[in-house]
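Chain and residue survey
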Amino acid sequence: MYLTKLLKGSALSALAVAMAMTAQPAEAEAQSRGFENRGEQMQARQNQRSERRANRGQARGERRANRQQSRSERRGNRQEARGERRGNRQEARGEQRGERREARREVRTDNREFRQTQRQAREAPARARNERRAERRGERRAERRGERRAERRQDRRAERRTERRADQRADRRADRRADRRGAYRDGRRDGRRAERRDQRREYRDNRRGYRDGRRGYRDGRRDGYRDGRRGYRNERRGYRNGYRAGVRDHRRWNRQWRKHNRYNWYNHRRANRSIFRLGRYYSPYRSYRYSRLSIGFYLDSLFFSSRYYINDPWRYRLPEVYGPYRWVRYYDDAVLVDTYTGEVVDVIYDIFW
């Protein structure tokens, strides 16, 4: 701007100087040199025009340069403003993203806590069931242990009884044999003595002694025969009693069937639940209620009548029975009863539905 003003001022001063120089000649010189002045004026005008054009071109260039500078400055300012705006926007976006992330995290934590509470609420009955099952398993294990101990005790008692009976039988046999031997020896000695006496009497008294000897011989023979018959009868009785006791011991119920996998009724019930659903149990007495039975308990005959028989124990993976034993339903339990005495020999609790 200052350059254009200076140029304009210098051009005007030059024109003023030129006009002052041209205004001084005299009128004569002016008339003679009229044509020359006109030419000079024309040249001066052309020079002024050229100077003006140059000044105008310079001014235009300066203006263009100034405009370009101002435009570049504006562009720079705009770019700086845009950069600042972008930075502010990115900062705001980052802050918004951080806030959103925090909100999402809070929502996720709330959802997780809610899910955990729901899971705990859902798992609470399952945990209670598992605890109940564990308690039932513990009770069943304790019952099984008690049953095994009772079975072992009974087996030991039975073994001791059989041993005692065998010892008693052996002692009795030995005593009988000793008594027989002693009786035989005593009878033989007495017989010999009697024969000698009879011979002496026969020798002394002839026929009378002989008759007395015969009578004594007959009496001794009868007594020996009777004693022999009595011993034989006693032996037969002991043999019968021993045979019966042996048969009873052989036919005693064996509770070791639970160790065999083919009698695993628990797994069979899980696979076939409908088979173990027998319906409602009707007690033979109206006022009677369920009471947990144990081995050694004696039942009334109405509880093991034919209407309560389990005729197909193989269907429930129960062992086959023999002798006087019979599987009977007692509410939801399966009870093995001795039908002769009513004694409970074996029990399976909660087998039916």
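Above this text sits the structure in question.
Residues numbered from 1 in each chain as written. Predicted model: local features only at pLDDT ≥ 70, side-chain atom pairs only at ≥ 80, totals over all residues. Heavy atoms only, no water.

1. Comments concerning the nonpolar core
Side chains of nonpolar character tend, in soluble globular proteins, to be buried together. Put simply, the rule is: What makes a nonpolar core is a set of buried Ala, Val, Leu, Ile, Met, Phe, Trp, Tyr and Cys residues whose side-chain atoms join them at distances within 4.5 Å. Buried, partly exposed and exposed residues are distinguished by accessible area as a fraction of the type maximum, computed with a 1.4 Å probe on protein chains only: under 20%, between the cut-offs, and over 50%, respectively. Note on contacts: a residue pair qualifies if any of its non-hydrogen atoms lie within 4.5 Å across the two residues.
Counting residues in each nonpolar core, the largest one holds 16 residues, and the members touching the most others are Trp-253, Leu-318, Trp-327, Ala-334, Ile-348, Ile-351 and Phe-352. Setting aside its immediate chain neighbours within four residues, Phe-352 contacts Phe-276, Leu-278, Ile-310, Tyr-316, Arg-329, Tyr-331, Asp-332, Asp-333 and Ala-334. Of all hydrophobic cores here, the second largest spans 14 residues; its members include Tyr-281, Leu-293, Val-328 and Tyr-330.

2. Some remarks on the sheet that holds strand 3 (residues 344–348)
Applicable threshold: Note on pairing: DSSP must find at least two bridges between two strands before they are called paired. Strands here are runs of E lasting at least two residues and helices are runs of H or I lasting at least four, both read from the DSSP assignment and numbered beginning at the N terminus. Each axis is a line fitted through C-alpha atoms, taken for helices only over the stretch in contact, and angles between the N-to-C directions span 0 to 180 degrees.
The strand order across the open sheet built from three strands is 1-2-3, with neighbouring strands paired in antiparallel fashion. Each edge of the open sheet is held by one strand with a lone partner, namely strand 1 (325–330) and strand 3. Pairwise comparison of adjacent strand axes, ignoring direction, gives a mean angle of 25° for this sheet. As paired elements, strand 2 (residues 333–338) and strand 3 share four bridges and run antiparallel to each other. Within strand 3, the residue paired with Val-337 across the bridge is Val-344.

3. Comments concerning the packing of aromatic side chains
Put simply, the rule reads: Between 30 and 60 degrees the pair is tilted, below 30 it is stacked and above 60 it is edge-to-face, where a pair is any two Phe, Tyr or Trp rings, Trp via its six-membered ring, whose centres lie within 6.5 Å. Remark: a charge is flagged as sitting over a ring if the NZ atom of Lys or the CZ atom of Arg is within 6 Å of the ring centre and within 35 degrees of the ring normal.
Considering all chains together, one arrives at 20 aromatic pairs under this definition. Measuring from ring centre to ring centre gives 6.0 Å for Trp-257 and Tyr-263, while their planes differ by 80°; the resulting arrangement is edge-to-face. Like Tyr-263, Trp-257 is buried. Each residue in the set Tyr-281, Tyr-285, Tyr-288, Tyr-290, Phe-303, Tyr-308, Tyr-330 and Tyr-331 is aromatic and connected to the rest through ring pairs, giving one cluster. Note that Arg-326 overlies the ring of Tyr-309, its terminal NZ or CZ placed 4.6 Å from the centroid.

4. Thoughts on the pairing of strand 3
When you tally the buried positions in strand 3, you get five out of five residues, the bulk of the element. In this structure, the hairpin formed by strand 2 and strand 3 is closed by a connection of five residues, where Gly-342 is found at a positive phi of approximately 85°.

5. Topic: unusual backbone geometry
Of note, Arg-317 is a non-glycine position whose phi angle comes to about 60°, a positive value. Mapping Arg-317 onto the fold places it in the loop between helix 5 (265–271) and strand 1.

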